[in-house]
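Each chain is listed here by its residues.
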Amino acid sequence: MALNGGKTFVQDEEKQRLLLEEHTEKHFTAGEVVRDIIIGVSDGLTVPFALAAGLSGANASSALVLTAGLAEVAAGAISMGLGGYLAAKSEADHYNRELQREQDEIDTVPDVEAAEIADILSQYGLGPSEYGPVVTALRNNPKAWLEFMMKFELGLERPEPRRALVSAATIALSYVAGGLVPLLPYVFVPEAGRAMAVSVAVTLAALLFFGFVKGRFTGDRPFLSAVQTTVVGALASAAAFAMARAVQSV
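Residues numbered from 1 in each chain as written. Predicted model: local features only at pLDDT ≥ 70, side-chain atom pairs only at ≥ 80, totals over all residues. Heavy atoms only, no water.

- For the protein, an unreviewed UniProt entry supplies the name Vacuolar iron transporter and the organism Urochloa decumbens.
- Turning to the protein, the UniProt annotation filed under Subunit (unreviewed entry) states: "Homodimer." (UniProt positions renumbered as here; feature names shortened; annotations may be inferred.)

Looking at the packing of aromatic side chains
Part 1 of the reasoning: Under the defined criterion, the tally for this structure stands at two aromatic pairs.
Part 2 of the reasoning: On the numbers, 5.2 Å between centres and 65° between planes, the contact of F212 with F223 is edge-to-face. In this pair, F212 is assigned in helix 8 (residues 192–218) and F223 in helix 9 (residues 222–249), connecting sequence segments 11 residues apart.
Part 3 of the reasoning: Under the relative-accessibility criterion, F212 is labelled partly exposed at 27%.
Part 4 of the reasoning: Among the residues examined, F223 registers a relative accessible area of 63% and is labelled exposed. (Phe/Tyr/Trp six-rings, centres within 6.5 Å; stacked < 30°, edge-to-face > 60°. Helix = DSSP H or I, 4+ residues; strand = E, 2+ residues; numbered from the N terminus. Buried < 20%, exposed > 50% of the residue type's maximum accessible area, 1.4 Å probe, protein only.)

Side note on the pattern of salt bridges
Part 1 of the reasoning: Per the counting criterion, the structure on display carries six salt bridges.
Part 2 of the reasoning: Between D36 and R35 there is a salt bridge, with its nearest N and O atoms 4.0 Å apart.
Part 3 of the reasoning: Assessed through its relative accessible area of 42%, R35 is described here as partly exposed.
Part 4 of the reasoning: Between D111 and R139 there is a salt bridge, with the nearest N and O atoms lying 3.1 Å from each other. With D111 in helix 4 (residues 110–122) and R139 in helix 5 (residues 128–139), the pair connects residues that are 28 residues apart, well separated along the chain.
Part 5 of the reasoning: On the basis of relative accessibility, which here comes to 54%, the residue D111 falls in the exposed class. (Salt bridge = Lys/Arg side-chain N within 4 Å of Asp/Glu carboxyl O.)

Details of the nonpolar core
Part 1 of the reasoning: By size, the foremost hydrophobic cluster in this structure holds 17 residues, and its most contacted members are I117, V135, W145, F148, M149 and M150.
Part 2 of the reasoning: Of all the secondary structure elements, the ones that give two or more residues to this core are helix 3 (62–108), helix 4, helix 5 and helix 6 (142–153).
Part 3 of the reasoning: Setting aside its immediate chain neighbours within four residues, V135 contacts A114, I117 and A118. (Core = buried A, V, L, I, M, F, W, Y, C linked by side-chain atoms within 4.5 Å. Contact = heavy atoms within 4.5 Å.)

A closer look at a nonpolar patch on the surface
Part 1 of the reasoning: Together, L70, L180, L184, V187 and F188 make up a nonpolar patch on the protein surface, roughly 480 Å² of accessible area in all.
Part 2 of the reasoning: Looking at which element gives the most residues to the nonpolar patch, the answer is helix 7 (residues 163–188), with four residues.
Part 3 of the reasoning: Mapped onto the elements of the fold, L184 is located in helix 7.
Part 4 of the reasoning: Residue L184 is classed as partly exposed on the basis of its relative accessible area of 45%. (Patch = residues over 30% accessible without salt bridge, like charges linked within 9 Å, V, L, I, M, F, W, Y side chains within 5 Å. Areas by Shrake-Rupley, 256 points an atom, 1.4 Å probe, with all protein chains shown as cover.)

Points about the UniProt feature "transmembrane region" (unreviewed entry) in the protein
Part 1 of the reasoning: When the UniProt feature table is mapped onto this chain, "transmembrane region" (unreviewed entry) is found at residues 164–189, 195–213 and 225–247.
Part 2 of the reasoning: Across residues 164–189, the secondary structure splits into 96% helix and 0% strand, with the terminal C-alpha atoms separated by 39 Å.
Part 3 of the reasoning: Strand forms 0% of residues 195–213 and helix 100%; the C-alpha atoms that close the span are 27 Å apart.

Examining the layout of surface pockets
Part 1 of the reasoning: Computed from the structure, the largest pocket encloses a volume of approximately 170 Å³.
Part 2 of the reasoning: Taken together, 14 residues form the lining of the largest pocket, with A92, E160, P161, R162 and R163 sitting closest to its centre.
Part 3 of the reasoning: Those elements that place two or more of their residues in the lining of the largest pocket are helix 3 and helix 7.
Part 4 of the reasoning: Partitioned by chemical class, the residues of the lining of the largest pocket number eight nonpolar, one polar and five charged. (1 Å grid on protein atoms, 1.4 Å probe; cavity = no way out; pocket = protein on both sides within 12 Å on 5 of 7 lines; lining within 4 Å. Points joined across faces, edges and corners; volume = space filled by probe spheres on them. Nonpolar A, V, L, I, M, F, W, Y, C, P; charged D, E, K, R; others polar.)

A closer look at the side chain of T230
Part 1 of the reasoning: As for its placement among the helices and strands, T230 is situated in helix 9.
Part 2 of the reasoning: For T230, a relative accessible area of 12% puts it in the buried group.
Part 3 of the reasoning: Within the local environment of T230, its side chain forms a polar contact with the backbone oxygen of A226, the two atoms lying 2.7 Å apart.
Part 4 of the reasoning: What T230 contacts, discounting residues up to four positions off in sequence, is L204, L207 and L208. (Polar contact = N/O pair within 3.5 Å; in protein donor to acceptor, adjacent residues only side chain to side chain.)

Quick notes on the packing of helix 3 against helix 7
Part 1 of the reasoning: Between helix 3 and helix 7, the least distance of the axes is 7 Å, while the angle of their chain directions is 165°. With respect to helix 7, the element helix 3 is oriented roughly antiparallel. Judged by the sense of rotation from one axis to the other, the crossing of helix 3 with helix 7 is right-handed.
Part 2 of the reasoning: Residues that form the contact of helix 3 with helix 7 fall into these classes: 19 nonpolar, seven polar and three charged. (Axes fitted to C-alpha atoms, helices over the stretch in contact; angles between N-to-C directions. Parallel < 35°, antiparallel > 145°, perpendicular 65-115°, else oblique. Left-handed = near helix turned anticlockwise from the far one by under 90°.)

This is how it looks when you write it as structure tokens:
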């Protein structure tokens, strides 16, 4: 009977493995890098666009708009990159502190931590006879025990070791890429008014495209995402333009 039971278990395990290989779930798994790109490009398209519109509304020359815009792109990329670095670094520091605290609790009060495992599993509808072997197995595997507590008790995932640097670089470069789009017309069109008209058309098209792509990646409705992204950029530039006109008329 033991041999037959063991054979059945192996067959079931093989069947489960084959089912997992055949089944493909469609979930958004692009992760944190895509999020950083979205943050960088969306701000890069919007802020320099609004600045250029505001300066154009004040009748500044194309050269002045371009100089101020490039300065803003440089400063914005540094600021946004630094913000991304500090946010990721803080997240990693928080995880490491909680990891050490959880390890200390496992070492000093293992019975309490084991009871917490039972409590967590009971919330998923498992009874003592079902979660008991799981608790025992985790107690016999300290590394898995620690990872279980971090994930299911605290809801924390281990961050990538180079996450802070990657986040900083991704956000900064994405900001530069987005910020250059509304400024390019001022390179080729010397008259600021006409350059602004071209910049508006180019940037709105870029916002539509970016919003659509963002919606596809994040699982939102692409067309709705495109419209929302474009409206935000248009409102920001219109507000900056109107404010510059109002200040100039005073």
